[in-house]
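Listed below, chain by chain, are the residues.
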Amino acid sequence: MSEEELEDDGLIELIDDDGNVINFRLLDVTEYKGEKYTLLLAAEPNEDVAEDEVVIFRLNEKEETLEPIEDENLLQEVFDFYQQETEGEEVYADDDPDDLKN
């Protein structure tokens, strides 16, 4: 996924390698080992991403891009870290991303 654009309605539009547009909702942004990561949920059903599947990208703030993560172990570490950070907090996909806290 190479490009993204944050829409006014809270959607992030990503373009996959085949040029298809996939809309996501921002679940949260978390920092892990000095890097920032975005956690996204599919905004609409599609064949590539399950409705409840969390998709994680590295946030490159300088270039304002989301970078895919190929390392499955790193993906799991970031997800586990995020779950520990939000343990006890009630987080819902329908919440306004501005209301979510790290």
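Computed from a predicted model, the values in this text were never measured in an experiment. (Residues numbered from 1 in each chain as written. Predicted model: local features only at pLDDT ≥ 70, side-chain atom pairs only at ≥ 80, totals over all residues. Heavy atoms only, no water.)

### Details of a negative patch on the surface
Moving on, step 1. The grouping of Asp17, Asp18, Glu47 and Asp48 at the surface amounts to a negative patch.
Moving on, step 2. Looking at where Asp18 falls in the secondary structure, it is placed in the loop between strand S2 (11-15) and strand S3 (21-32).
Moving on, step 3. Here Asp18 falls in the exposed class, since its relative accessible area comes to 67%. (Patch = residues over 30% accessible without salt bridge, like charges linked within 9 Å, V, L, I, M, F, W, Y side chains within 5 Å. Areas by Shrake-Rupley, 256 points an atom, 1.4 Å probe, with all protein chains shown as cover. Salt bridge = Lys/Arg side-chain N within 4 Å of Asp/Glu carboxyl O. Lys, Arg positive; Asp, Glu negative; His and termini not counted. Charge placed at Lys NZ, Arg CZ, Asp CG, Glu CD. Helix = DSSP H or I, 4+ residues; strand = E, 2+ residues; numbered from the N terminus. Buried < 20%, exposed > 50% of the residue type's maximum accessible area, 1.4 Å probe, protein only.)

### Comments concerning the pattern of salt bridges
Moving on, step 1. Inspection of every chain in the model, using the stated rule, returns three salt bridges.
Moving on, step 2. Between Glu35 and Arg58 there is a salt bridge whose closest N-O contact spans 3.8 Å. Here Glu35, found in strand S4 (residues 35-42), pairs with Arg58, found in strand S5 (residues 54-60); they are 23 residues apart in sequence, far enough to count as distant.
Moving on, step 3. For the salt bridge of Lys36 with Glu61, the shortest nitrogen-to-oxygen distance reads 3.5 Å. With a gap of 25 residues between them, Lys36 in strand S4 and Glu61 in the loop between S5 and strand S6 (65-68) connect regions that are remote in the sequence.

### Quick notes on the environment of Ala42
Moving on, step 1. Topologically, Ala42 is positioned in strand S4.
Moving on, step 2. Counting along the chain gives 18 residues from Ala42 to Phe24, while the straight-line C-alpha distance between them is 4.4 Å.
Moving on, step 3. Each residue touching Ala42, except ones within four places of it in the same chain, is listed here: Asn23, Phe24, Val49, Ala50, Glu51 and Glu53. (Contact = heavy atoms within 4.5 Å.)

### Some remarks on the confidence of the model for the protein chain
Moving on, step 1. Confidence in the prediction for the protein chain averages 81 pLDDT; 76% of positions are at 70 or higher.
Moving on, step 2. Summarising per-element confidence for the protein chain, the mean pLDDT is lowest in strand S1 (residues 3-6) (48) and highest in S5 (95).
Moving on, step 3. Below pLDDT 50 for its whole length, residues 1-7 participates in 24 contacts with residues either more than four positions away or in separate chains.
Moving on, step 4. Scored below 50 in pLDDT, residues 93-102 makes 15 contacts in the model with residues more than four places away or belonging to other chains. (pLDDT = per-residue confidence, 0-100.)

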